[in-house]
Amino acid sequence: MASLPPNPVLESLEPLIGEWRVEVPQFGEGSAPVSIEWLEGRAFVRIRSEPPDPAPNSTQFVSGDDSSDVYTVLYYDSRGVSRVYQMTFEGGVWKMWRNAPGFDQRFTGTLSDDGRTIRAAWEKSLDNATWEHDFDLIYTKVG
């Protein structure tokens, strides 16, 4: 089978590609691996996370529609949770969100000027109106 050509829709995600370590300050000390990599000759992006306990391990697949700047993220984790998020990455700001009855979520991360650190946070809304901070993440690029 012939390989797929690179997907131009995903070019803006290049700064995220690599091996990272993530810390979650609310979960205590320590860090864990996160891999953000191209799949199928740059046709898709896979994000694999093994965050510190009690957060679940997860895999996410990212792609997009060539008529939009918004990506679709398919998420699945070690708890058996399956979700679909929308995502953007513009000007060094990484955003993901999910609108679901009774449990909205949103993530915002900012890439440092040197491209080696992402400071991020998740927020949640249980009533689809009032937002509260869930937890912070600090990603450090290691490769």
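Look a little higher up for the structure.
Residues numbered from 1 in each chain as written. Predicted model: local features only at pLDDT ≥ 70, side-chain atom pairs only at ≥ 80, totals over all residues. Heavy atoms only, no water.

Peer 1: Account for the sheet that holds strand E5 (residues 71–77), naming residues and giving values.
Peer 2: Strands in a sheet are paired, the pairing made by backbone hydrogen bonds, and the direction either parallel or antiparallel. Pairing in this closed barrel of 10 strands is antiparallel, and the strands run E1-E2-E3-E4-E5-E6-E7-E8-E9-E10 around the ring. Across the sheet, the mean angle separating the axes of adjacent strands is 25° when strand polarity is ignored. Bridge count for strand E9 (residues 117–125) against strand E10 (residues 132–141) is eight bridges, and the pairing is antiparallel. Bridged to Trp122 within E10 is Phe135. (Pairing = 2+ DSSP bridges. Helix = DSSP H or I, 4+ residues; strand = E, 2+ residues; numbered from the N terminus. Axes fitted to C-alpha atoms, helices over the stretch in contact; angles between N-to-C directions.)

Peer 1: Just give me the short version of the packing of aromatic side chains, but keep the residues and values in it.
Peer 2: Taken as a whole and judged by the stated rule, the model has seven aromatic pairs. Aromatic pair Tyr75 and Tyr85: ring centres 5.9 Å apart, planes at 80°, arrangement edge-to-face. On the criterion of sequence distance, the pair formed by Tyr75 in strand E5 and Tyr85 in strand E6 (residues 82–90) is long-range, its members being 10 residues apart. Of the residues examined, Tyr75 reaches a relative accessible area of 12% and is grouped as buried. Each ring, one from Trp94 and one from Tyr139, has its centre 5.9 Å from the other, and the planes form 45°; the classification is tilted. With a gap of 45 residues between them, Trp94 in strand E7 (residues 93–98) and Tyr139 in strand E10 connect regions that are remote in the sequence. Exposure class is identical for Trp94 and Tyr139. Each is buried. An aromatic cluster is present here, built from Trp20, Tyr75, Tyr85, Trp94, Phe107, Trp122 and Tyr139 joined pairwise through their rings. (Phe/Tyr/Trp six-rings, centres within 6.5 Å; stacked < 30°, edge-to-face > 60°. Buried < 20%, exposed > 50% of the residue type's maximum accessible area, 1.4 Å probe, protein only.)

Peer 1: Can you explain unusual backbone geometry? Please cite residues and give values.
Peer 2: Here Arg42, not a glycine, exhibits a phi torsion of approximately 80°, which is positive. Turning to its location among the elements, Arg42 is positioned in the loop between strand E2 (32–39) and strand E3 (44–49). Residue Arg42 is classed as partly exposed on the basis of its relative accessible area, which comes to 33%. Look at Asn128: it is not a glycine, yet its phi comes out positive at around 60°. Here Asn128 lies in the loop between E9 and E10.

Peer 1: Would you mind going over empty space enclosed by the protein in detail, with residue names and values included?
Peer 2: If you walk through the whole model with that rule in mind, you get one cavity of 30 Å³ or more. Considered as a void within the structure, the largest cavity measures approximately 30 Å³ in volume. Lining the largest cavity are Leu13, Leu16, Ile17, Ile36, Val45, Ile47, Val62 and Met87. Within the lining of the largest cavity, the residues separate by chemical class into eight nonpolar, no polar and no charged. (1 Å grid on protein atoms, 1.4 Å probe; cavity = no way out; pocket = protein on both sides within 12 Å on 5 of 7 lines; lining within 4 Å. Points joined across faces, edges and corners; volume = space filled by probe spheres on them. Nonpolar A, V, L, I, M, F, W, Y, C, P; charged D, E, K, R; others polar.)

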